[in-house]
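# Survey of secondary and tertiary structure
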Amino acid sequence: MSKPHDYHRFSGWRLVVLLLVFALYTTWFIGPGYFGQLVRLEGYEFLQGRGFYTGAEAVAAIESLDVAGRRLKYTELGFDLIYMVLQTFVFEALIAFGLRHLGWLKTHWRWLLLLPMGYLFFDILEDGFLALLLSTGSEMIGSFAGVFTAAKMAFFLPCLPISLGFAIAGCVAFFLRKGKAADVSY
C-alpha cells in the first residue's frame, strides 16, 4: 500500500521559515534581483504581466532587448524557477494549513491542493517557451508562451484568495480550538 502525500511538511516552524524565505526571495527578486532589473529596462515590455499576448507581441518584446537584455532575460527565467517553486509551496502550505485545522484534509476539499500544481505546470511551460522564443524568435513559439501565460494566470489568480482564505480560516479554527481547550482545563 502506498503512503499518502504528507501535506504537513510545512507546518509549525517550517511554515514560518517557508513564508520568511519566500518573502525575502520575492523582495530581492522583484527589487534589486533579475526580475526587477529586467522590468526596469528602458523600452522592454513585460510580457508575463499582461495575462495574455500574441506571438507578434512576444517577438516584438524580445526584439526590443539588446544582447545584454537577452542575457538578463535568460538569467531571470532561471531564477524565476526558484520563485515559482517557492510560490507553489506557499500556496500549498497555506491551503493545507487551513484544511488541517478545519478538519477537512481527508475530504474532497483536499483536491484544492492541485490548484498550485496547475500554476507551477503552466508557469514552467511559459518560461520554457519564452526561453525558446529568445533563441528562435518564432511567432508560433511566442503564441504558445502567451497561451501558457493565460493558463498560468487562470490557476494563479484563484490560488491567491483561496490560500489566504484557508490560512485565515485555519488560524481562526486553531485559536478557537486552543481557547476551548483552555476553558476545559479550568
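This next bit is on the packing of aromatic side chains. Considering all chains together, one arrives at 23 aromatic pairs under this definition. Between tryptophan 104 and tryptophan 109, the ring centres sit 5.2 Å apart and the planes meet at 25°, which makes this aromatic pair stacked. Here tryptophan 104 falls in the partly exposed class, since its relative accessible area comes to 33%.

Summing up the model confidence of the chain, the mean pLDDT is 91 and the portion of residues at 70 or higher is 92%. Ranking the elements of the chain by mean pLDDT puts helix α6 (residues 139-185) last, at 90, and helix α5 (residues 114-136) first, at 97.

All right, on to a nonpolar patch on the surface then. Together, Trp13, Val17 and Val21 line one region of the surface with nonpolar side chains, adding up to about 310 Å² of accessible area. Here valine 17 shows up in helix α1 (residues 13-30).

This paragraph deals with the layout of surface pockets. Left-over empty space is what a probe sized like a water molecule reveals as it rolls over the atoms. Looking at the largest pocket, its volume works out to about 290 Å³. Considering the residues around the largest pocket, the lining is formed by 15 residues, among which Phe35, Phe46, Gln48, Tyr83 and Lys152 are closest to the centre. Only α1, α4 (67-102), α5 and α6 provide two or more residues apiece to the lining of the largest pocket.

Once that is clear, we can look at the nonpolar core. Residues Leu18, Tyr83 and Tyr119 are the most contacted members of the largest nonpolar core, which totals 22 residues. For this core, the secondary-structure elements that each account for two or more residues are α1, α4, α5 and α6. Considering each element in turn, this core owes the most residues, eight residues, to α4. Once you skip the residues sitting within four places of it in the chain, leucine 18 turns out to touch Phe10, Leu86, Phe89, Val90 and Ala93. Ranked by size, the runner-up nonpolar core spans 16 residues in total, among them Tyr53, Leu72, Leu77 and Leu134.

Reading the values: the criteria
- Note on numbering: residues in each chain are counted from 1, in written sequence order.
- This being a predicted model, a pLDDT of at least 70 is required before a residue's local features are given, and a value of 80 or more before pairs of side-chain atoms are given or counted; all residues contribute to the totals for chains, interfaces and linings.
- Think of the side-chain values as coming from all heavy atoms in the structure, minus any hydrogens and water.
- Centres within 6.5 Å are what make two rings of Phe, Tyr or Trp a pair, Trp counting through its six-membered ring; a difference in plane orientation under 30 degrees is then read as stacked, over 60 as edge-to-face, and the rest as tilted.
- Throughout, exposure labels follow a simple rule: accessible area from a 1.4 Å probe, protein chains only, divided by the maximum for the residue type, with under 20% read as buried, over 50% as exposed, and the rest as partly exposed.
- Note on scores: pLDDT gives the predictor's confidence for each residue, bounded by 0 and 100.
- In this text, helices come from DSSP runs of H or I with a minimum length of four residues, and strands from runs of E with a minimum of two, each type numbered from the N-terminal end.
- Patch building starts from residues that exceed 30% relative accessible area and form no salt bridge, then joins like charges within 9 Å and nonpolar side chains (Val, Leu, Ile, Met, Phe, Trp, Tyr) within 5 Å.
- To measure how exposed things are, a 1.4 Å probe is used in the Shrake-Rupley method; for residues, cover is taken only from the protein chains shown.
- One side-chain nitrogen of Lys or Arg within 4 Å of one carboxyl oxygen of Asp or Glu is enough to make a salt bridge.
- Cavities and pockets are found on a 1 Å grid laid over the protein atoms alone: a cavity is a set of points where a 1.4 Å probe fits but cannot escape, a pocket is an open set with protein on both sides within 12 Å along at least five of seven lines, and a lining residue has an atom within 4 Å of such a point.
- Grid points are joined across faces, edges and corners, and a volume is the space filled by probe spheres set on the points.
- Throughout, nonpolar core names a set of buried Ala, Val, Leu, Ile, Met, Phe, Trp, Tyr and Cys residues whose side chains join them through atoms within 4.5 Å.
- The contact criterion used throughout is that any non-hydrogen atoms of two residues lie within 4.5 Å.

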